Number of protein chains: 4
Amino acid sequence: MGFARKEYEFLKELGLGPRNPGCYVNGAWTGNGPVVTTVNPANNQTIAEVMEASIQDYESGMQACNEAAKLWMQIPAPKRGEIVRQIGEALRAKLHHLGRLVSLEMGKILPEGIGEVQEIIDMCDYAVGLSRQLNGSIVPSEREFTHYMWNPLGIVGVITAFNFPCAVLGWNACIALVCGNCVVWKGAPTTPLITIAMTEIVAGVLEKNNLPGAIFTAFCGGAEIGEAIAKDTRVPLVSFTGSTKVGLMVQQTVNQRFGKCLLELSGNNAIIVMDDADIPLAVRSVLFAAVGTAGQRCTTCRRLLLHESIYQTVLDQLVGVYKQVQIGDPLEKGTLLGPLHTPASRQNFVKGIEIIKSQASIICILLGGKILIGGSIIESEGNFVQPTIVEISPSAAVVKEELFGPVLYVMKFQTLKEAIEINNSVPQGLSSSIFTRRPDVIFKWLGPHGSDCGIVNVNIPTNGAEIGGAFGGEKATGGGREAGSDSWKQYMRRSTW
Amino acid sequence: MGFARKEYEFLKELGLGPRNPGCYVNGAWTGNGPVVTTVNPANNQTIAEVMEASIQDYESGMQACNEAAKLWMQIPAPKRGEIVRQIGEALRAKLHHLGRLVSLEMGKILPEGIGEVQEIIDMCDYAVGLSRQLNGSIVPSEREFTHYMWNPLGIVGVITAFNFPCAVLGWNACIALVCGNCVVWKGAPTTPLITIAMTEIVAGVLEKNNLPGAIFTAFCGGAEIGEAIAKDTRVPLVSFTGSTKVGLMVQQTVNQRFGKCLLELSGNNAIIVMDDADIPLAVRSVLFAAVGTAGQRCTTCRRLLLHESIYQTVLDQLVGVYKQVQIGDPLEKGTLLGPLHTPASRQNFVKGIEIIKSQASIICILLGGKILIGGSIIESEGNFVQPTIVEISPSAAVVKEELFGPVLYVMKFQTLKEAIEINNSVPQGLSSSIFTRRPDVIFKWLGPHGSDCGIVNVNIPTNGAEIGGAFGGEKATGGGREAGSDSWKQYMRRSTW
Amino acid sequence: MGFARKEYEFLKELGLGPRNPGCYVNGAWTGNGPVVTTVNPANNQTIAEVMEASIQDYESGMQACNEAAKLWMQIPAPKRGEIVRQIGEALRAKLHHLGRLVSLEMGKILPEGIGEVQEIIDMCDYAVGLSRQLNGSIVPSEREFTHYMWNPLGIVGVITAFNFPCAVLGWNACIALVCGNCVVWKGAPTTPLITIAMTEIVAGVLEKNNLPGAIFTAFCGGAEIGEAIAKDTRVPLVSFTGSTKVGLMVQQTVNQRFGKCLLELSGNNAIIVMDDADIPLAVRSVLFAAVGTAGQRCTTCRRLLLHESIYQTVLDQLVGVYKQVQIGDPLEKGTLLGPLHTPASRQNFVKGIEIIKSQASIICILLGGKILIGGSIIESEGNFVQPTIVEISPSAAVVKEELFGPVLYVMKFQTLKEAIEINNSVPQGLSSSIFTRRPDVIFKWLGPHGSDCGIVNVNIPTNGAEIGGAFGGEKATGGGREAGSDSWKQYMRRSTW
Amino acid sequence: MGFARKEYEFLKELGLGPRNPGCYVNGAWTGNGPVVTTVNPANNQTIAEVMEASIQDYESGMQACNEAAKLWMQIPAPKRGEIVRQIGEALRAKLHHLGRLVSLEMGKILPEGIGEVQEIIDMCDYAVGLSRQLNGSIVPSEREFTHYMWNPLGIVGVITAFNFPCAVLGWNACIALVCGNCVVWKGAPTTPLITIAMTEIVAGVLEKNNLPGAIFTAFCGGAEIGEAIAKDTRVPLVSFTGSTKVGLMVQQTVNQRFGKCLLELSGNNAIIVMDDADIPLAVRSVLFAAVGTAGQRCTTCRRLLLHESIYQTVLDQLVGVYKQVQIGDPLEKGTLLGPLHTPASRQNFVKGIEIIKSQASIICILLGGKILIGGSIIESEGNFVQPTIVEISPSAAVVKEELFGPVLYVMKFQTLKEAIEINNSVPQGLSSSIFTRRPDVIFKWLGPHGSDCGIVNVNIPTNGAEIGGAFGGEKATGGGREAGSDSWKQYMRRSTW
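The rules behind each value
Residues numbered from 1 in each chain as written. Chains lettered and ligands numbered in written order. Predicted model: local features only at pLDDT ≥ 70, side-chain atom pairs only at ≥ 80, totals over all residues. Heavy atoms only, no water. Helix = DSSP H or I, 4+ residues; strand = E, 2+ residues; numbered from the N terminus. Rg over C-alpha atoms; globule rule 2.2 N^0.38 Å. Buried < 20%, exposed > 50% of the residue type's maximum accessible area, 1.4 Å probe, protein only. Contact = heavy atoms within 4.5 Å. Areas by Shrake-Rupley, 256 points an atom, 1.4 Å probe, with all protein chains shown as cover. Lys, Arg positive; Asp, Glu negative; His and termini not counted. Charge placed at Lys NZ, Arg CZ, Asp CG, Glu CD. Least-squares fit on C-alpha atoms with pLDDT ≥ 70 in both. UniProt positions renumbered as here; feature names shortened; annotations may be inferred. Pairing = 2+ DSSP bridges. Axes fitted to C-alpha atoms, helices over the stretch in contact; angles between N-to-C directions. Salt bridge = Lys/Arg side-chain N within 4 Å of Asp/Glu carboxyl O. Domains from an automatic or database assignment. Buried area = accessible area lost by both parts, 1.4 Å probe. Polar contact = N/O pair within 3.5 Å; in protein donor to acceptor, adjacent residues only side chain to side chain. Expected span 1.5 Å × (residues − 1). Phe/Tyr/Trp six-rings, centres within 6.5 Å; stacked < 30°, edge-to-face > 60°. pLDDT = per-residue confidence, 0-100. Right-handed = clockwise from strand over helix to strand, strands pointing away.

As a further point, take the overall build of chain A. Secondary structure summary: chain A contains 14 helices and 24 strands in total. The C-alpha atoms of chain A give 23 Å as radius of gyration, which agrees with the globular expectation for 497 residues (23 Å, within 12%). C-alpha extents for chain A along the principal axes are approximately 70 × 65 × 40 Å. Classification of the 497 residues of chain A by burial places 66% in the buried group. In chain A, the share of contacts with a sequence separation of at least 24, taken over all contacts with a separation of at least 6, comes to 73%. In the structure as shown, chain A presents an accessible area of about 16,100 Å², 55% of it carried by carbon and sulfur atoms. Positive and negative side-chain charges of chain A, numbering 42 and 45 respectively, have mean locations separated by a distance of 2 Å.

Now for the relation of the copies chain D and chain C. If you rotate chain D by 180° and push it 0.0 Å along the axis, it lands on chain C with an RMSD of 0.0 Å. Within this description, the copies of the chain are treated as partners about a two-fold rotation axis. The C-alpha atom lying nearest the rotation axis in chain D is that of Gln252(D); the distance is 3.3 Å.

The next point concerns the environment of Gln118(C). Relative to the assigned elements, Gln118(C) resides in helix α5 (residues 110-130). A C-alpha to C-alpha distance of 9.4 Å links Gln118(C) and Gly88(C), two positions 30 residues apart in sequence.

All names here are of chain A. UniProt marks Glu 264 with the feature "active site" (unreviewed entry), using the numbering shown here. Among the secondary structure elements, Glu 264 is positioned in strand β12 (residues 260-264). If near-sequence neighbours (up to four positions away) are discounted, Glu 264 is found in contact with Phe 240, Thr 241, Gly 242, Phe 471, Gly 472, Gly 473, Thr 477, Gly 480, Arg 481 and Glu 482.

We now examine the sheet that holds strand β10 (residues 216-219) of chain B. Residues and elements named next belong to chain B. Pairing within the open sheet is mixed, and its seven strands lie in the order β3-β2-β10-β9-β8-β11-β12. Among the strands making up the open sheet, the edge pair consists of β3 (28-30) and β12 (260-264). Strand-to-strand twist of the sheet, defined as the mean angle between neighbouring strand axes without regard to direction, takes the value 20°. Here strand β8 (residues 155-159) runs beside strand β9 (residues 182-186); their pairing, made up of five bridges, is parallel.

What follows is about the pattern of salt bridges. Taken as a whole and judged by the stated rule, the model has 92 salt bridges over all chains. Across the salt bridge formed by Arg494(A) and Asp486(B), the nearest N and O atoms sit 2.7 Å from each other. Taken together, the residues Arg494(A) in strand β24 (residues 492-496) and Asp486(B) in the loop between β23 (482-483) and β24 (492-496) connect one chain to another. For Asp486(B), a relative accessible area of 14% translates into the label buried. With a shortest N-O distance of 3.0 Å, Arg85(C) and Glu82(C) are connected by a salt bridge.

With that settled, consider the domain arrangement of chain A. Note: interface size is frequently given as the accessible area lost on complex formation between the parts. All names here are of chain A. The domain architecture assigned to chain A consists of domain 1 (6-265 + 478-496) and domain 2 (269-466). For domain 1 versus domain 2, the separation of C-alpha centres amounts to 31 Å. Contact with domain 2 buries surface across domain 1, with Ala 42, Ile 109 and Phe 162 losing the most and accounting together for 24% of the total. Run the count over domain 1 and domain 2 and you get one salt bridge. We note a salt bridge from Glu 112 to Arg 297, for which the minimum N-O separation is 3.1 Å. Scanning the region where domain 1 abuts domain 2 turns up eleven residue pairs in polar contact (both at pLDDT 80 or more). Put simply, the parts of the chain that give the side of domain 1 that touches domain 2 at least two residues each are α4 (95-106) and α5 (110-130). Per element, the largest residue contribution to the side of domain 1 that touches domain 2 is five residues, and it comes from α4.

Right, let's get into the side chain of Glu391(C). Its location among the elements puts Glu391(C) in strand β16 (residues 388-391). At 2.7 Å, the side chain of Glu391(C) and the side chain of Tyr311(C) are in polar contact.

On the side of chain B, 25 residues touch chain D, which itself brings 25 residues to the contact. A combined buried area of about 1,800 Å² lies between chain D and chain B, and 60% of that area is made up of carbon and sulfur atoms. Three residues, Ile138(D), Pro140(D) and Glu142(D), lead the burial of chain D against chain B; their summed loss comes to 33% of the area buried on that side. Measuring nitrogen to oxygen at the nearest pair gives 2.6 Å for the salt bridge that ties Glu142(B) to Arg132(D). In this structure, the connection of chain D to chain B is made through four residue pairs in polar contact (both at pLDDT 80 or more). Of all the secondary structure elements, the ones that give two or more residues to the side of chain D that touches chain B are α3 (77-93), β6 (136-141) and β7 (144-152) of chain D.

For the rest of this paragraph, the subject is the relation of the copies chain D and chain B. One copy of the chain maps onto the second through a rotation about an axis and a displacement along it. Here chain D sits on chain B after a turn of 180° about the axis and a move of 0.0 Å along it, with an RMSD of 0.0 Å. A shared interface surface links the copies, since 100% of the contact residues of chain D are contact residues in chain B too.

On to helix α4 (residues 95-106) of chain B. An α-helix turns once every 3.6 residues. As a result, residues three or four positions apart point the same way. All names here are of chain B. Between its first and last C-alpha, α4 extends 16 Å over twelve residues, near the 16 Å set by a 1.5 Å rise per residue. Taken as a whole, α4 has its buried residues at Leu 95, Leu 98, Gly 99, Leu 101, Val 102, Ser 103, Leu 104, Glu 105 and Met 106. Residues of α4 that are buried make contact with α1 (10-13), β4 (35-40), β5 (45-51), α3 (77-93), α5 (110-130) and α7 (192-208). Gly 107 occupies a position one or two residues after α4 and carries a positive phi of about 105°.

Scanning the model with the defined rule gives 28 aromatic pairs over all chains in all. Here the aromatic rings of Phe162(A) and Phe404(A) are separated by 6.0 Å at their centres, their planes lie at 80°, and the arrangement is edge-to-face. Note that Phe162(A) is positioned in the loop between β8 (155-159) and α6 (167-178) and Phe404(A) in the loop between β16 (388-391) and β17 (407-413), a separation of 242 residues in sequence. Phe162(A) sits in the buried class, given a relative accessible area of 18%. Of the residues examined, Phe404(A) reaches a relative accessible area of 26% and is grouped as partly exposed. Between Trp150(B) and Trp488(B) the ring centres are 5.3 Å apart and the planes differ by 75°, which places this aromatic pair in the edge-to-face class.

With that settled, consider unusual backbone geometry. Unlike most non-glycine residues, Asn459(C) shows phi in positive territory, near 60°. Within the element layout of this structure, Asn459(C) appears in the loop between β20 (455-458) and β21 (470-471). If you check the backbone angles, Asn44(D) has positive phi at about 55° while not being a glycine. Mapped onto the elements, Asn44(D) comes out in the loop between β4 (35-40) and β5 (45-51). Its relative accessible area of 28% is what places Asn44(D) among the partly exposed residues.

Turning our attention to the confidence of the model for chain A. When pLDDT is averaged across chain A, the result is 93; 97% of the residues are at 70 or more. For this predicted complex, the interface score ipTM comes out at 0.91, alongside a pTM of 0.92.

Turning our attention to the pairing of β9(B). Residue and element names in this part refer to chain B. Across the five residues of β9, five count as buried, placing the element largely inside the fold. Residues of β9 alternate between two faces, with Cys 182, Val 184 and Lys 186 on one and Val 183 and Trp 185 on the opposite face, all of them buried. In this fold, β8 hands off to helix α6 (residues 167-178), which returns the chain to β9; that crossover is right-handed. Across four bridges, β9 lies against β10 in parallel orientation. Within β10, the residue paired with Val 184 across the bridge is Thr 217. Crossover connection from β9 via α7 to parallel β10: handedness right-handed.

Further remarks concern the environment of Glu200(A). All names here are of chain A. Looking at the secondary structure, you find Glu 200 in helix α7 (residues 192-208). In the structure, Glu 200 is positioned 191 residues away from Glu 9 in sequence and 17 Å away in space, judged by C-alpha atoms. Leaving out residues up to four positions away in the same chain, Glu 200 has contacts with Leu 14, Gly 15 and Trp 29.

Rendered as C-alpha cells:
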C-alpha cells in the first residue's frame, strides 16, 4: 500500500493511517459501511483504505447532531465565532500538509491545493467578523415598529464534489457554524482522506473547547448517504455542489419535505475577446481558465468567443502556449496540468472527444469545425489527457453541455450583440468574462442586456471567487450564492414580529 | 343580471360592464377562452360575465410581454418608480370603488376591502423610494474590488388567490416593476372583476406615459393558464400564493426548467395565551384573528393555546363575544362576518366539521374535545357559516391541516415549552403570537427555541403585514418573503464582477 | 411696485401679495422685524415687500416649535411619510409657478428654476419610502444581543443660501420631517418670496391634516436670526449652506453648546481633460458647468485643467461656444446666462477680475496668464456680467478661492499625477470631474491617490446631485452629506441598549 | 527603582526596561523630550523612566508617517486585515502580561486589566472581517447609476486617556488600519509603559511583514504633542477621548483647519430603579457600575435614581454591600476597589467631597442631603479613597458635573416622567440604565421621550461596550461613535461619482 511510501509520511501529521474510519459521529470515529480504497490520480495506486458510513452510522450521527443543535444554537454568536477562529488557526498550522493531501488525492497541482485550503482559512477569518454582524432590524411601521431577527436553522447538510474537496465545505461550514447551525457533511466518495483530515481538525477544536463533537458530523460515503440527507426532515437546508442533473433531484426531494436547497451546479463559461482587447493578457487568462485544475473547475472556461478580426491571431498564440503546457505529477514543481481525477473522468474525455468529432465532422463541411490541438489521452499509469482546443459552431449540441476536462471550444463572432447571445445561449449561467478596453462595451456587458451569468468578469479569467462577494450562478447553475455578502441569510430563518 | 342593479352602478366607474374581456394582452383587452360568470358570495347571484384567456391569448400576450421587457429593463429605475407612483395615485382616486368591488366579489367586509386596496397604495409609495435604493455593492478584495449589481429578471409571473385578490398582486407587482421586470398576472378564477379593474388602472397609467401596455399583462383564467406560466421559460420567477399542495407542484414545474419560485402557501397559525396575559386584549385579538375575513386569511388564527390556569376564563369570554358576532352582507355597516367565498368553501366547512366531530368523538372520551359554539352553516342564499370554536387535542390529525373558514381549535397547555412544541408541531410555519407580559417569556418565544414561524408576534393577533418588513413563512408555508426589507432581491439577478 | 405687473400675476397663485409677512410662527403668518424689498436681479426693480422676523418672532416661533416637536416625534414614521407625500403632491400642483418664482427672484434661468423645484418633489417621494426604512439593528453579542434604534433629534435648523433657495431646504426638510423632527428654516435674505411660497405649501398640508403649523417654522431674516439658531440649545442639529467663513463660525457656535452641524460650504471644482478625452463632450460639459446658474452653484466648475496636447484645441472650441452664449432675462426662452443675484455679486465679480488681472499681470510675464474672453460687466439695469475665461497658473493665489460668478480658470498639465495634485491643491473639496476613455486612468482618479473631493465624476460635469446618493464634500466644503444613502442618520440620534 | 523588583520581571517580556524611549518614529524607538517617571498608583513608587517626545520627534515621526500613508492606502483592504489579524494573535500571546501592566500602571484591578486587553483582541478579529466589508454602493439613478466608494483618509490621530489606556487605542486603530489609514497615537502622560508595550507589539507585526513601522507612529507626551496633532493638517481625523473641556478645544482647533473629530468625552450616567425592579439585581449592578475601575470609567454610574417606594430598601442594601467592598492592591486576588490613578485624582476627590458637603449642607436642611457612607481618603502610600454614597437633590449644581471617582449621588423620584427628566437634565449624554420588568416602561425609556443618552440600557449596568455596536454618547459627551456598526465610515472619505 502506498501509505508506507516515504512521500506519504505527511499523512500521519494529518491523523491518517493505512485504514481509516470514515465517519465522525457523535464526537467519535467509526465506519460500518463498505471499505473503499482511495487512489492517487497521477498513478492510480492506492493511498489508503477508508471505512464508509452505513445507514446506521448516518442515523446515529444525526441523532447526536440533532441533540447538539439544541445546545449550539443557544451559544452567543461571537462565541461561535471564536470556535471558527480557532478552526482557522488549526488549519493555518496544517496548511501545507492539507494542501499536499488535496493535490495527492484530488490531482490538482500543489499551488492550487494550498490555495484551496487558504480559502477556507480566509473564510474562517471572515466568518469571525460576521459573528457580530448577523443583524436583525427594527423597522418603523404604522404600529410603531416591526422587528425581525435571525434564528439558526438547526442543521445544515453539505454535500460536496471532488473538484473542490474542502473549499466548498469551508464556504458552507464557516457561515453555517457562526449562524448557529450544526453541520453534517458528506464529502465526495473519491476524496475521503480529505474529508477525514478536515474533520479531524474541526473535531480537535470542538474537543479542546469541551463542545459536543456532533456539532460537526461527517460521513464518507456515496449516493445512499446523499439521499438520506436529502430526505431527512432534521436538515432544513441542504447545500449541494455537483451536476445539474443530480442537483435537480436533490432539490425535488428536499422541497417535497419543505426543506430548502442551496445549489452550485454545472457551469459552461465563456470568455469573449473583443477586437480591442489586450491580446497577450487574454491569451494568458484563457490558458489559466481552461487548463487550470485540468478543466475540472465549475468556473473553467469551456467556450472562447473571438471577434473575427482577431480570431486567427488569438488562436495562433493560444495553440502556441498550449504546446508548452507542462503535464505531469501535480506535486512536482513546474507542472501546470495534472491528471483528471479518475479513470472514469478520462473515459468521459475520450467519449466527449468522439462526440465532438462526430458533430464536428458534419459541421466541418458546413462550418469548418476541427480539433486544433490535443484531443487524446496520454498513455501512462495516471489519468492524464492532452489539453485540447476545438474549433466548433456555437450551434453544435455538444457546446451546450459541460464536459469536465481541459477541452476548449472556440467560436467566431462579428458583433457584441452576437457574442452576448452566444454567451447566454447555454442552459448554465455561472461565469463569463469579456476582454475589452471600451467602457461602453463593459457597461453593456454588465447591464440588463449583457451576460446572464452570476459572475460577469471584465479583463480577468472566468474562475476565481472573492470571499466578500457572493459566489454562484443563475439558470441551470442553480441560483445559489455562497460565501460573502448576505449569503449568510440563507443559513438562518427570519422571525418577524 | 345583477349588473343592472343600482348598487352595482359603481362598477361602471371601474370600467366594468355586464360582459368583460378578461385578458389584457399587448395593451388591448381580449378574451377568447370560456365565458364565466362571477357571483356575489352573499347571495350567489351573478354580477357579470367574463371572457377568460385561451392558450392562444396567453401565447400572444407573452410574446408582447417578452418584447416589452427588453424596453422596460432599460428605463432607469427612478423613472420606473415614477410610473409606480402614478399607479398609486390612480388607485388612490378609486380607493373606495375598488374596496367595494373587493367586498362584493370576494365577500370580505367593506373595511377589509378598502384596507386591502390601501395596502397596494402604500406599497406603491414604498416602491417609489425603493427605485432609488436597488443598490449594488463595491466590496474590497485582494484584487482591489469586487462589484456586484442587480439586473432585472425580465418577466415575473404572479399567480394570486381569491382571499387577497389584489393586495398580493400589489406586493409583487410594485416591487417587480421598479426592479425592471414586466409582470404577467393570473388572478383567481372566482375574482375576475377585481383582476380586470386593477389591470385597467395600471393600463391607464402605462398608456398615459406612452409605454407598451404589455409591461403589465393580465389573464383571467384557471389551472391551464397557471400551468402555462409555470412551464414558461420566459418567466424566470413565479410568485405563487395558494395551497401547499398546488404550490409544491408549481415549484417542481418551475425548478425543472431552472426557474425560481416565491411561494406563499398555507398557514396554521396559533395564538398562545399565557397565565399572566392581558385577557380582554387576548380575547379581542383572537376574535379578530379567527373570524376576520371569515377565517379565509393565510394568517387567520386557527389554533388557540391556553394556559390551564386561565383556560376556562378565556374560553367563557370568547364564547361570549362569538355570540355577538354580527353576520351578514359584507357591504353593510356593522357586519363583522361575511359569507365564505364560494358554495364549495361552505361545503368544505361542512365536511371539515364532520371530520372534527368524528375525531373529536373519539377524543371526546379520552380528552374531552367538543364543539363549543357554531359548527353549522346558516341557511340563506349566500355562503354563510357560523363562527365556530372546537375544543380538541393537539394530537388530533385534523389540527395539522388548514380548514379555510372561521373554525378555531382550542387546546390546553401547562408550560411554555409545551405550548411552543404544540405551536411548532404542524407542517405550516406562517404566523404565531403569544400574549404575556414577561420579558423572559417573550425572549424565549422569539429565540432559537421559540416559534418556528416566519411571523412571531407578541400581544397582537397573528394577522397583519407590515410593508417595511418581509412577509412570509417557513416550512410548508413555502419560505417566500414579500413586500419590504430585502425582498426585492428576489426580483432581480445579481451580477458579480 | 412690480407686483402690479401682469407678468407677476402668478405670484397670487402662490399666496403672495405686494407686502408679505415673512415668518410662519406657531401656524400663523407674522413679521415684526425690518420691512425689506425683494428685487428682480434682471432689472433690480422691486417685486414685493417682506416683513422680516424680529427676535421676538423667533422666540415665540421656537417655543411653539419645541412644543410641536413633542407631538411630531411620537407620530409613527410612515404617517410622517404620508405628510411628506402630500407636500410632494402640493408642490407638483404648483411646480411651474414655483419654478418661475425661483427664476424671478434668484435670477437663474427658467429650466433651472423648475428643475430645482422638481428636485424637492423627488426628495419627497424618496423620503416617503425612507419613512419605512429608518431601521435600527439587533446585533448579536456576547450578552446575546445589542440593539440600537434611531430616535428623532427634536428640531432641525436649516439655514439656506440664495443660490438654491428651495432645493436645499427640500433636501433637509424632507429627511428631517420623516425622521420625526420639526424644521426651523431661515431662507436667504434676498429670496424671501421663495421662502414664503414654499412655507405656504408646507403649511397648507399641515393644516389640512390638523397638525400644528409649528412643525414647520420659517423665518425671513438675516444674520441675527441665523445667529439665534446657531446659539439655540433647542436645535440639536443645524444644517448650514453658505460660505466656508460663515460656516466655520456657525460650527464653533453650535459645537460650543454641544450641538451638531451639517455643513455644505464653498466648492472650487475642477474639470480635468485628458489627452484621450471626447473633446466635444468635454467642451459642452465645461460650458454647462461653468456658465450654468451664472457660475453661482456650489458645484460650478471654476478650474479647467487641460492636458498640454489638447490644450489649445479645447481652449479654442471653448472660446467659440462662449461667444454664442445667450445672455438675458432668465425667464425668456433661449437664455443661457441670466444675471448675477445682486449688485453686490456684480461688484465682487469686478473686484475679482481686478485681482486676477493684478496676479495675472505678474504671472503673465512668467507663465502667460491672461483673460481670453469676457472679464467685464454688461451695462444694463440688471446684474449681468460676461462669461469669462482666464488663463492662469495653478499657483496663483486667486485660484484657491471661490469667486461666485461665471469665471473659469484654465491651466495646463503634463501628467495625470500633476493634474490630480492641482485638483487637490485647493482648500475646498466638493466636486471634480475627469474626461478620459481609459479605465486605468479612471480607477486611479477614483482611488485613494485620486481626487480628494466628495464628488468624483467621470465624463460628466461637476454639477448635478443624485437624490439616492449623498451630496457633499470634504475639507473646507465642510464634510456634510445630504439627501440619499445614509444621510438620514445625521437627523436622528442612535440609542444603543 | 521599582523595576528591579521580582514582581516587575514580567515587564521585560513586554520589552520594557528601567529607562525607555517613548516614541516609535519611522520604525525606530527614540525620545528626545523630557524624561518622566511612571509610578504605581497603589504605592506611588516609581516603576520605570520614559523619555517623552520632543516636537522634533513629532515632526520627524509625522513626515515618515505621511510617506507610509501613501503605501498603506494602496494595499488591498483584506491584506491590511491580515496585518490586523496578526496584531490580534500577537496580543493574544501577551494577554496576561499586558493585562498585568494595565493594572500596575493604571491601577484598575487585574480582571479589568485583562478584560481591557481582550477587548482589543476582539476588535482585531472584528476588523479582519470588516476588511472585506468596507462596501461602496452602486445606486440606481436617472443617469443610470450613481456610485460611491470609500477611500482612506490618510492618517488618523488617536489621543487616549489614562482610564482605558489601551482599549480605546484598539477601538480606533483596528478600524483605522483596515480602512487604510496610518495611525498616530498619543497615550496618556501617566501610562507611558502601556503605550510603549502596545506599540512594541504592533511594531513587531509590521516589521515581520516588511512594512514601514511608520504606519503606526506613537508618542509618549503631554499637551504639547496633543496640540501638535490637533493643528496638523496631515491628520484629517482626530479621535480624542477625555474631558468635555479639552475635547471642545481640540474640536475647535481641528475644525479650524477643516479636519474632523471623533469625540468621546465626559459621562454622567444614571441608573433608574423602578418600583417593580428586581432589587438584588439592581443593587449588584449599581455596585459594579459605581465602584468598578474606582469610578474612573466614562460609563461609571454617578447618579442613582430610586423610586420613592423602594428608596430606603435599595439604599439600605447598597450601603450594606459597600461596607464589604475589598479595597487594596489591584493585582491581588479578591480586590474589588483599587486606588485612584494619581495623587491629583485623590486630591480632586477630596475637593469634590468638600463641595458636596457645602452644597449638601444647605440642601440638607431643605432636602435632606448627606454622605451615607465613605467620603474620606484612605491613609496609605497609594491613592486610595473610600467608595462613597451621597444623598442629594437632583438640582444641586455638583450633580451636573463628572467627579472622576467612586462617588454615587442618590436621588428620589415619584414618576417615570420625572425620572427621565432627571436623567436628561445633565449636560452629558453617554450612558443610562433602567431597572424594571414592565414592557411599557421599557418602550417609553427607549423611545423619543426616553433617555437622551447614546447608551440606553435595561436591567444591566451603565458600563460595558459591545464591539458589534457603536459606542458613544450625545450632547457634551461629543457625539462620536466607535467600534462596530457603521463607525468605520468615519475613518474613510466617501467618493461619489
